[in-house]
Amino acid sequence: MKRLFALLMLVMFASATLTACNTMAGAGKDVQKAGEKVEQKAEDCKDMKC
């Protein structure tokens, strides 16, 4: 019974860890896109196009 419980806890922990990695990767991509938009706007304003 203890072995089954330990295995269940391990699976739950692994699932939570992998889900968190996907979430952070997605958030990183969103932040990168936002940074690119800010950079583009800064370039436009540098040339007095804003």
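In case you missed it, the structure is sitting above this.
Since we're looking at a predicted model, the values are computed, not measured.

Peer 1: Just give me the short version of the overall build of the protein chain, but keep the residues and values in it.
Peer 2: Across its full length, the protein chain holds one helix and zero strands. Across the 50 residues that make up the protein chain, the buried fraction comes to 0%. Side-chain charges in the protein chain split into 8 positive and 6 negative, and the spacing between the mean points of these groups amounts to 15 Å.

Peer 1: Run through a nonpolar patch on the surface, naming residues and quoting values.
Peer 2: A cluster of nonpolar side chains, Phe5, Leu8, Met9 and Met12, forms an exposed patch at the surface whose accessible area comes to about 420 Å². Here Met9 is to be found in helix 1 (residues 2-46).

Peer 1: Lay out helix 1 in plain terms, naming residues and giving numbers.
Peer 2: Taking 1.5 Å of rise per residue, 45 residues should cover 66 Å, and helix 1 covers 65 Å from first to last C-alpha, within 8% of that figure. Immediately beyond the C-terminal end of helix 1, within one or two residues, lies Met48, with a positive phi of roughly 60°.

Peer 1: Explain the environment of Glu36 to me, and be specific about the residues and the numbers.
Peer 2: Turning to its location among the elements, Glu36 is positioned in helix 1. Residue classification places Glu36 among the partly exposed positions, given a relative accessible area of 45%. Separated by 10 residues in sequence, Glu36 and Gly26 place their C-alpha atoms 15 Å apart.

Peer 1: Lay out the pattern of salt bridges in plain terms, naming residues and giving numbers.
Peer 2: Scanning all chains against the criterion turns up one salt bridge. Glu43 is the salt-bridge partner of Lys46, the closest N and O atoms lying 3.9 Å from each other. Here Glu43 and Lys46 lie together in helix 1, a separation of three residues that amounts to about one turn. Its relative accessible area of 60% is what places Lys46 among the exposed residues.

Rules and cut-offs
- Residues numbered from 1 in each chain as written.
- Predicted model: local features only at pLDDT ≥ 70, side-chain atom pairs only at ≥ 80, totals over all residues.
- Heavy atoms only, no water.
- Helix = DSSP H or I, 4+ residues; strand = E, 2+ residues; numbered from the N terminus.
- Buried < 20%, exposed > 50% of the residue type's maximum accessible area, 1.4 Å probe, protein only.
- Lys, Arg positive; Asp, Glu negative; His and termini not counted.
- Charge placed at Lys NZ, Arg CZ, Asp CG, Glu CD.
- Patch = residues over 30% accessible without salt bridge, like charges linked within 9 Å, V, L, I, M, F, W, Y side chains within 5 Å.
- Areas by Shrake-Rupley, 256 points an atom, 1.4 Å probe, with all protein chains shown as cover.
- Salt bridge = Lys/Arg side-chain N within 4 Å of Asp/Glu carboxyl O.
- Expected span 1.5 Å × (residues − 1).

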